[in-house]
Structure formats: C-alpha cells, structure tokens
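The primary structure of each chain is shown beneath.
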Amino acid sequence: MTKTEIPPDHPRRVSLETREAIIEGHEAHIVATAGLLAHGRGEAFDYLIGETTTDLARNAARAAVAALLSASHPVLSVNGNVCSLVPEELVELSELCRAPLEINLFYYRKEREDAIKDALFAAGAKEVLGTHDRPSMTIPELSSNRRKVDPEGIGSGDVILVPLEDGDRTEALKAIGKFVITIDLNPMSRTAVFSDITIVDNVVRTLPLMTELAREMKELPKEELHRIVESFDNTKNLAMAVEVIIKHLEATAKDIGKIRERKRTGVKKI
Ligand code: ATP
C-alpha cells in the first residue's frame, strides 16, 4: 500500500506506484539517494521501450532462468532498489533456483544493509549472505566495500544475477570468470554490454516473469537448459533492443500528430 493514493484509472498508475515504492524504500533507508536517480534513468528508458515486456526481454529472461537452473552455484545479488521493488519475488526466485541472496551495495551503510536484510527476511528469506557479520573475501580491481563478497555466495558462485548493477563491478565479475546476468532498462549501459545475458526490462515486470519461468522450466533436463543458454546471443539481443526503442520512437512520432489532431477537435486527451 503506497502513501500517496494513485487513481486506478490513471494512465501512468504502475509507473507512479513503482516510484512511490522507491520513495518509501528511501525513507526506510533501503534505497540510497543515488538509487532514486538511478530509478529515474530507468523510468526514462522504460518510457522509450513502451513500458512493456518485449518478446526480446521474454527470450532473454528464459535464457537467464535456464542459466540459473543449470548452474552449479547460482547467486542473486541484491541492492537497495531491487529490494524495495520486488522483495517477495527475489525470495521466490532464490528458492526456485536454489540461489542464495547476497546483499551487495555500491553505497554501503550498515543501516542500509540492516534495512535490506530485514526487508528480505520479512519477505520470507531464510538466509541472507553478504552481511557484515559474515566472512568476506575480495574481488580484484575494485575499490572499497564493493570489493567484498561472501565466500559462500558470489565468491564461489558460477552464475550471478546482478540486477541494476554498475559497469565497473560487472566488468570485475567477468574478469574473475563469472557468468553474469543482468536486468537493465538501458541496453547501452556498460553493465548491459559486459553481461552474458541482459534482460532489457523493468525489474518490476521481469522478476515475476522469471519466477513464473523458473516454475515452468525447473524440471527440464540439464542438456535442454544448456542448449537454451548456448543459443542466446547477447550482442544480437542488445542490438535488437536498441531497434525496439527506435521503432517505438518512430511510432510515437506518428502518434504525436494524432494527439494534436484530437486536441484540435476537442476530443478529450487520454
Ligand atoms: P553503467 O555503469 O552500467 O554504464 P549506469 O551508470 O547507467 O550504468 P547506474 O546508474 O549505476 O548505471 O544504474 C542504473 C541502471 O539501472 C540504469 O541503466 C537504469 O536504466 C537501470 N534501472 C533503473 N531502474 C530500473 C528498473 N526498475 N528496472 C531495470 N533497470 C533499471
């Protein structure tokens, strides 16, 4: 339940409710102030793709779930934004894929770590890795707290889901041989480009889709899961995601004329 009531027929209701969830996450110390800005950048890209899960994103999500289900040691990395938007879905995906949840923060504060841990436990998590009271090891080529990973989590993991990650850390994870999956609305971000599988979609749509796919695919034989992962081409996927934006902008350019026409003839704008 959000604090600001948004009318059910508001054309941008989902986007506004998501924004409210991020603001509440910020007030609860889950989301960093910079996380609000990152969310704004995401909103802009969501607008550009049409605020919908494209077939491309669905296909990438299928490859991502196949990679998680067929991994020896998959891990789900959690930051403040993703925790505030989809905590229950993270816990469910973690259970379905037997992938532990690990807190990993760009802007570390113990208060934030505690708030995220509490939110994950409240959402049903039984274990949360990456907290300050656990052992830690470091990944090379990164500074400060971002170096620290949990030896039972990302440290020994083979397939890592890093939703809304920054480019440096994605590159560092690749440099130490991890298979990296990301969810990022910007198909041009460094994270999108460096990852093995990039789902260009909003986490609020992708996480529920991934849990649904994981339920459907969890009995598939390993060879079939490997085949799905191997047939996925991220470079092609990202190029096509940029094409989706171009096509959506072209269609919008035509629609703008229609909106002007409606205004002129007094038809109420929707
Ligand atoms: P990089 O370092 O990878 O080039 P960046 O500097 O743009 O990326 P950040 O600001 O660290 O990245 O992270 C924000 C990224 O997350 C942006 O690419 C933004 O589009 C994306 N993002 C924000 N909110 C969401 C969301 N709800 N779902 C999916 N992606 C999102």
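To keep things clear, this report deals only with the structure shown in the data block. (Residues numbered from 1 in each chain as written. Predicted model: local features only at pLDDT ≥ 70, side-chain atom pairs only at ≥ 80, totals over all residues. Heavy atoms only, no water.)

### As for the site of the ligand
Heads up, the condition is: Any residue with a non-hydrogen atom lying within 4 Å of a molecule or strand is treated as near it. N or O atoms closer than or at 3.5 Å make up a polar contact, with two conditions inside protein: a donor-capable atom paired with an acceptor-capable one, and, for residues adjacent in sequence, both atoms drawn from side chains. Each accessible area is a Shrake-Rupley estimate made with a 1.4 Å probe; only the visible protein chains count as cover when residues are assessed. For the purposes of this entry, the term helix denotes a DSSP run of H or I that reaches at least four residues, the term strand denotes a run of E that reaches at least two, and both are numbered from the N terminus. Polar here means any residue outside two lists: the nonpolar Ala, Val, Leu, Ile, Met, Phe, Trp, Tyr, Cys and Pro, and the charged Asp, Glu, Lys and Arg; Gly therefore counts as polar.
Of all residues adjacent to the ligand, which total 18 residues, the nearest are Gly167, Asp184, Arg190, Thr191 and Asn202. Separating an oxygen atom of the ligand from a side-chain N or O atom of aspartate 184 is a distance of 2.7 Å. Between the ligand and threonine 191 there is a distance of 2.7 Å, counted from an oxygen atom to a side-chain nitrogen or oxygen. Isolated, the ligand exposes 640 Å² of accessible area, and the fraction of that covered by the protein chains is 87%. The dominant element in the shell around the ligand, judged by the number of residues it contributes, is helix H2 (residues 33–49), at four residues. A breakdown of the residues in the shell around the ligand according to their chemical character gives five nonpolar, seven polar and six charged.

### Some words on the sheet that holds strand S7 (residues 179–183)
Stated formally: Paired strands, as defined in this entry, are two strands with at least two bridges between them according to DSSP. For this analysis, residues touch if any pair of their heavy atoms sits within 4.5 Å. Angles run from 0 to 180 degrees between N-to-C directions of axes, and those axes are lines fitted to C-alpha atoms, restricted for helices to the stretch in contact.
In space, the six strands of this open sheet follow the order S3-S2-S1-S6-S7-S8, with parallel pairing throughout. The open sheet has two edge strands with one neighbour each: strand S3 (128–129) and strand S8 (197–199). Both strand S2 (residues 101–103) and S3 contribute to a ladder of two bridges, which runs parallel. Along S3, the bridge assignment pairs leucine 101 with valine 128. Against the sheet, helix H5 (residues 87–97) engages strand S1 (74–78), S2 and strand S6 (159–161), with an angle of about 170° to S1.

### Some details on the side chain of aspartate 201
Tracing the sequence through the fold places aspartate 201 in the loop between S8 and helix H9 (203–217). A polar side-chain atom of aspartate 201 sits 3.1 Å from a polar atom in the side chain of threonine 206. What aspartate 201 contacts, discounting residues up to four positions off in sequence, is Ile49, Thr52, Thr53, Ala57, Ile183, Asp184, Leu185 and Thr206.

### Notes on the nonpolar core
Note the threshold: For this analysis, a nonpolar core means a set of buried residues of the types Ala, Val, Leu, Ile, Met, Phe, Trp, Tyr and Cys, connected via side-chain atoms within 4.5 Å. Throughout this description, buried means an accessible area under 20% of the type-specific maximum (1.4 Å probe, protein chains only), exposed means over 50%, and partly exposed covers the range between.
Ranked by size, the top nonpolar core spans 53 residues in total, and within it Leu93, Leu120 and Met210 carry the most contacts. Among the elements that take part in this core, helix H3 (residues 55–70) stands out by supplying 10 residues, more than any other. Those residues in contact with leucine 93 that lie beyond four places of it in its chain are Leu68, Leu76, Leu161, Leu207, Met210, Thr211 and Ala214. Core analysis: the second largest hydrophobic core is formed by 10 residues, Val75, Val149, Ile154 and Ile160 among them.

### Section: the pattern of salt bridges
Quick note on the threshold: Think of a salt bridge as a Lys or Arg side-chain nitrogen and an Asp or Glu carboxyl oxygen that are within 4 Å of each other.
Per the counting criterion, the structure on display carries 16 salt bridges. Taking the shortest distance from any N to any O, the salt bridge between glutamate 152 and arginine 134 comes out at 3.5 Å. Separated by 18 residues along the polypeptide, glutamate 152 in the loop between strand S5 (148–149) and S6 and arginine 134 in the loop between S3 and strand S4 (137–138) bring together distant segments of the chain. A relative accessible area of 48% means that glutamate 152 is categorised as partly exposed. Between arginine 169 and glutamate 165 there is a salt bridge, with its nearest N and O atoms 2.4 Å apart. Owing to a relative accessible area of 1%, arginine 169 belongs among the buried residues under this scheme. A cluster of three or more residues bridged by salt bridges with shared partners is formed by Asp46, Asp201 and Arg205.

### Regarding unusual backbone geometry
At glutamate 51, a position not held by glycine, the phi torsion is positive, near 50°. Note on placement: glutamate 51 falls in the loop between H2 and H3. One non-glycine residue, leucine 164, lies in positive phi territory at about 55°. Residue leucine 164 is classed as partly exposed on the basis of its relative accessible area of 32%.

### Some points on the pairing of S1
By the criterion of burial, S1 is predominantly enclosed, with five of the five residues buried. In S1, alternate side chains face the same way, and those of Pro74, Leu76 and Val78 on one face and Val75 and Ser77 on the other are all buried. Across three bridges, the pairing between S1 and S2 is parallel. Paired with serine 77 across the two strands is glutamate 102, which belongs to S2.

### What to know about the pairing of S7
Across a regular strand the side chains alternate sides, sitting on one face of the sheet and then on the other. We apply this condition: Call a crossover right-handed when, viewed with both strands pointing away from you, the route from the first strand across the helix to the second goes clockwise.
In terms of burial, S7 is largely enclosed, as four of its five residues are buried. Note that S6 and S7 share three bridges and pair parallel. The residue of S7 that forms the bridge with isoleucine 160 is valine 180. Taken together, S6, helix H7 (residues 167–175) and S7 constitute a β-α-β crossover, and its handedness is right-handed. Inspection of the sheet shows S7 paired to S8 by three bridges, in the parallel sense. Residue pairing in the sheet places isoleucine 183 in a bridge with isoleucine 199 of S8.

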